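Each chain, letter by letter, is given below.
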Amino acid sequence: MTTTTTTTHVTDLYPTRGATEVATPRQDPVVWGSPDTPGPVSTGDLQALERDGFLAVDQLIGPDEVGEYRRELERLTTDPAIRADERSIVEPQSKEIRSVFEVHKISEVFAKLVRDERVVGRARQILGSDVYVHQSRINVKPGFGASGFYWHSDFETWHAEDGLPNMRTISVSIVSIALTENYDTNGGLMIMPGSHKTFLGCAGATPKDNYKKSLQMQDAGTPSDEALTKMASEYGIRLFTGKAGSATWFDCNAMHGSGDNITPFPRSNVFIVFNSVENTAVEPFAAPVRRPEFIGARDFTPVR
Ligand code: 6CS
Ligand code: FE
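Residues numbered from 1 in each chain as written. Chains lettered and ligands numbered in written order. Predicted model: local features only at pLDDT ≥ 70, side-chain atom pairs only at ≥ 80, totals over all residues. Heavy atoms only, no water.

Next up on the list: the confidence of the model for the chain. Detailed conclusions should not be drawn from predicted coordinates in areas where pLDDT is low. When pLDDT is averaged along the chain, the result is 89, and 93% of the positions lie at 70 or above. Low pLDDT, under 50, characterises residues 174-179; the stretch is placed with 45 contacts to residues that sit more than four places away or in other chains. (pLDDT = per-residue confidence, 0-100. Contact = heavy atoms within 4.5 Å.)

In structure tokens form, the structure reads like this:
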């Protein structure tokens, strides 16, 4: 009896983590849905997202709802069982919880948020298909020195380490539903507008078990100072602040980062990363092994 294993070869459109840094023009649309696809995002906003790589939505969830998410975030980050869970990442210095992954599976409150038409409806409209959650997390940036996230493109990691072939992934927040006031002083999200149109392949191979370090302080997949200087000069840098409940959607390949939070005011957001069911993860394009499923999902069931 002969068994044949068909390994479909997927072309690597975006080489990265080789010997040298290399830029590749984006070969994917940003907005995959047709402009007249019905949905919560206006045509003007879809055009802005295509041009800039991000879209700020002032009150995605209303002030009356934010309290529920804030209480749930506080419950999760003070629950010893959550702290002991491998899906919790702590701050290197203070050992305070920095992120909790797969929050849409851990918490029914956040599972409801994922299914909310104001959230998943936008993702389906932008990606022009059914979507599944590639990653979800809450980031708790306590005050007094919580470390930020250095400049990076999320897609560079999700392509290299999680095997996403194309740029058909939108993070509704990769950042973005601000659950506590995001002042302009407490480590807000910064994005380079327009940077999503170029893929910056980074130099340096991915170490084994890279995620154990990279989720605290990213190293592999970090752009060079020269590249960042060139991009910042060309695109500028936009700082996002927002009232609790506001959201920033942005494209998987937008260059972004956030500063340390040395103020006494915590900055906590919830992030949900939607990937098109037409762009499901294959094998990593530039890493020795897959990351755990709580970071890069392998369950492609569409959000219903
Ligand atoms: O490695 C990742 O998947 C995560 N790291 C960062 C800094 N942003 C994207 C993503 O959540
Ligand atoms: Fe990121």
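The next point concerns the site of ligand 1. What surrounds ligand 1 is a group of 10 residues, the closest being Gln135, Arg137, Asp154, Trp158 and Arg291. In this structure, Gln135 approaches ligand 1 through a side-chain N or O atom, which is 2.5 Å from an oxygen atom. In the environment of ligand 1, an oxygen atom lies 2.4 Å from a nitrogen or oxygen atom belonging to the side chain of Arg137. Protein chains bury 94% of the 300 Å² of accessible surface belonging to ligand 1 in isolation. Going through the elements one at a time, β5 (131-141), β6 (149-153) and α7 (154-160) are the ones with two or more residues in the shell around ligand 1. A total of three residues in the shell around ligand 1 trace back to one element, the largest contributor, which is α7. Counted by class, the shell around ligand 1 contains four nonpolar, three polar and three charged residues. (Near = heavy atom within 4 Å. Polar contact = N/O pair within 3.5 Å; in protein donor to acceptor, adjacent residues only side chain to side chain. Areas by Shrake-Rupley, 256 points an atom, 1.4 Å probe, with all protein chains shown as cover. Helix = DSSP H or I, 4+ residues; strand = E, 2+ residues; numbered from the N terminus. Nonpolar A, V, L, I, M, F, W, Y, C, P; charged D, E, K, R; others polar.)

Time to look at the coordination of the iron ion (ligand 2). The iron ion (ligand 2) binds to the protein through His152 (NE2), Asp154 (OD) and His256 (NE2), with metal-donor distances spanning 2.1 to 2.3 Å. Here the iron ion (ligand 2) binds four donor atoms, and the angle range of 82 to 176° at the metal identifies the geometry as irregular. Of note, the donors binding the iron ion (ligand 2) are all from one chain and are spaced H-x1-D-x101-H. Of the two residues, Asp154 is situated in helix α7 and His256 in strand β13 (residues 255-258); the sequence distance between them amounts to 102 residues. For the pair shown, Asp154 and His256 are each scored as buried. (Donors = N, O, S within 2.8 Å, 3.2 Å for Na, K, Ca; no water. Tetrahedral: all angles 85-135°; square planar, octahedral: opposite > 155°, others 65-115°. Buried < 20%, exposed > 50% of the residue type's maximum accessible area, 1.4 Å probe, protein only.)

Another aspect to go through is the packing of helix α5 (residues 108-115) against helix α6 (residues 117-127). Where α5 meets α6, the closest approach of the two axes is 5 Å, and the angle between their N-to-C directions is 45°. Relative to α6, the element α5 is oriented oblique. Along the contact surface, α5 presents Leu113, Val114 and Arg115, while α6 presents Glu117, Val119 and Val120. The residue inventory of the contact of α5 with α6, partitioned by class, reads four nonpolar, no polar and two charged. (Axes fitted to C-alpha atoms, helices over the stretch in contact; angles between N-to-C directions. Parallel < 35°, antiparallel > 145°, perpendicular 65-115°, else oblique.)

Turning to the environment of Pro266, a few remarks are in order. Inspection of the secondary structure assignment puts Pro266 in the loop between β13 and β14 (267-276). Placed 123 residues apart in sequence, Pro266 and Gly143 show a C-alpha to C-alpha distance of 4.8 Å.

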